Amino acid sequence: GRPEHRLLGVGLAAMGFTQSRPFHRTAESYSADLAWLFDGVGDAPIGTAGIMLGGASGYEIDCRSAAWGTPAETVLLAAADGFDAAFEADPTAEVEGTPPIRGEMTLTRRSNGAMTFAAGSVAWCGALPHVQQMNPVGLITRNLLRRFIA
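Residue numbers run consecutively from 1 along every chain, following the written order of its sequence. The predicted nature of this model means local features are confined to residues of pLDDT at least 70 and side-chain atom pairs, given and counted, to a pLDDT of 80 or more, with totals for whole chains, interfaces and linings taken over all residues. The side-chain values count all of the structure's non-hydrogen atoms but skip hydrogen atoms and water molecules.

Q: What should I look at first to understand the overall build of the protein in this one?
A: By definition, any uninterrupted DSSP run of H or I lasting at least four residues is a helix, any uninterrupted run of E lasting at least two residues is a strand, and each is numbered from the N terminus. What the protein contains, in helices and strands, is two helices and seven strands. When the helices and strands of the protein are listed from N to C terminus, the series reads α-β-β-β-β-β-β-β-α. Radius of gyration here uses only the C-alpha atoms, and the compact-globule reference equals 2.2 Å multiplied by the residue count raised to the power 0.38. In terms of overall size, the protein behaves like a compact globule, its C-alpha atoms giving a radius of gyration of 15 Å where 150 residues would be expected to give roughly 15 Å. Projected onto its principal axes, the C-alpha positions of the protein cover 40 × 35 × 30 Å.

Q: Can you walk me through the confidence of the model for the protein in this structure?
A: Do not read the predicted coordinates in detail wherever pLDDT is low. Confidence scores per residue from the predictor, reported as pLDDT, run from 0 to 100. On average, residues of the protein score 94 in pLDDT, and 100% of them are at 70 or above. Across the protein, strand β2 (residues 24–25) holds the top mean pLDDT of 98, while helix α1 (residues 5–8) sits lowest at 90.

Q: Sorry, what's going on with a nonpolar patch on the surface here?
A: A cluster of nonpolar side chains, contributed by Leu-12, Met-15, Phe-17, Tyr-59 and Val-122, occupies part of the molecular surface with about 400 Å² of accessible area. Here the nonpolar patch gets three residues from one element, more than from any other, and that element is strand β1 (residues 11–21). When you line up the elements, Tyr-59 lands in strand β3 (residues 57–63). Each residue is placed in one exposure class: buried if its accessible area under a 1.4 Å probe, protein chains only, is under 20% of its type's maximum, exposed if it is over 50%, and partly exposed if it falls in between. Residue class for Tyr-59 comes out partly exposed when judged on its relative accessible area of 32%. Nonpolar side chains (Val, Leu, Ile, Met, Phe, Trp, Tyr) are joined into patches within 5 Å and like charges within 9 Å, using only residues with over 30% relative accessible area and no salt bridge. Here the open area of atoms and residues is found with the Shrake-Rupley method and a 1.4 Å probe, where only the protein chains shown may cover a residue. Salt bridge, as used here: a side-chain nitrogen of Lys or Arg that lies within 4 Å of a carboxyl oxygen of Asp or Glu.

Q: Can you help me understand the sheet that holds β1 in this one?
A: Through backbone hydrogen bonds, the strands of a sheet pair up, either in parallel or in antiparallel fashion. As summarised here, the arrangement of the three strands in space is β3-β1-β5, forming an open sheet in which the pairing is antiparallel. Two strands close off the open sheet at either side, each with one partner strand: β3 and β5 (88–89). Between any two strands, at least two bridges found by DSSP are needed for them to pair. With two bridges joining them, β1 and β5 adopt antiparallel strand pairing. When the sheet's bridge partners are listed, Met-15 is paired in β5 with Glu-88.

Q: Looking at this structure, I do not really get the pairing of strand β7 (residues 115–118). What am I missing?
A: As a general feature of sheets, a regular strand has side chains that alternate between the two faces. By the bridge criterion, four bridges tie strand β6 (residues 103–109) to β7 in an arrangement that is antiparallel. When the bridges of β7 are listed, Arg-109 appears paired with Met-115. In sequence, β6 turns back onto β7 through a hairpin of five residues, with Gly-113 there showing a positive phi of about 95°.

Q: Teacher, can you tell me more about helix α2 (residues 136–149) here?
A: Residue pairs spaced three or four apart in an α-helix point in one direction, given the helix's 3.6 residues per turn. Its 14 residues place the ends of α2 20 Å apart at the C-alpha level, agreeing with the 20 Å of an ideal helix rising 1.5 Å per residue. Listing the buried residues of α2 in full gives Val-137, Gly-138, Leu-139, Ile-140, Thr-141, Asn-143 and Leu-144. Buried positions along α2 lie against β6 and β7. Residue Asn-135 occupies the N-cap position of α2, its side-chain oxygen lying 3.1 Å from the main-chain nitrogen of Val-137. Here a helix's expected span is defined as the number of its residues, less one, multiplied by 1.5 Å. The contact criterion used throughout is that any non-hydrogen atoms of two residues lie within 4.5 Å. A 3.5 Å cut-off defines polar contacts: any pair of N or O atoms within that distance qualifies, except that in protein one atom must be a possible hydrogen donor and the other a possible acceptor, and neighbouring residues in sequence count only when both atoms are side-chain atoms.

Quick look at the structure:
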């Protein structure tokens, strides 16, 4: 097999079944060329609630890995950390200078114009808003889908 990192930009970093955590935007996410993705989102944590363990990053969390082939053009948009000791980490996912257990939201833009968004967590879908409501997870998902179908 081929590692999912090469296609998605991220791959399995850890699993845990206790509590999900919110994402926090990185400085890179404020770049003018990414404004479309974060339109309406602001600076607040992303995914502070959800039906999968209470947030947007949890259950299975993913991160980048140069060793597993994350493309150089992958941009780290947001990260979640502060997971408890019940999460089991993949030791090959450790990156110097980052928490050993973290979820990473990324965007990979290819030279042919293709883009791959990775929420970096199975719990992302459980943090989508309810009908006729909106939250940062819903805004990012909506903005992304609008860009993909444009």
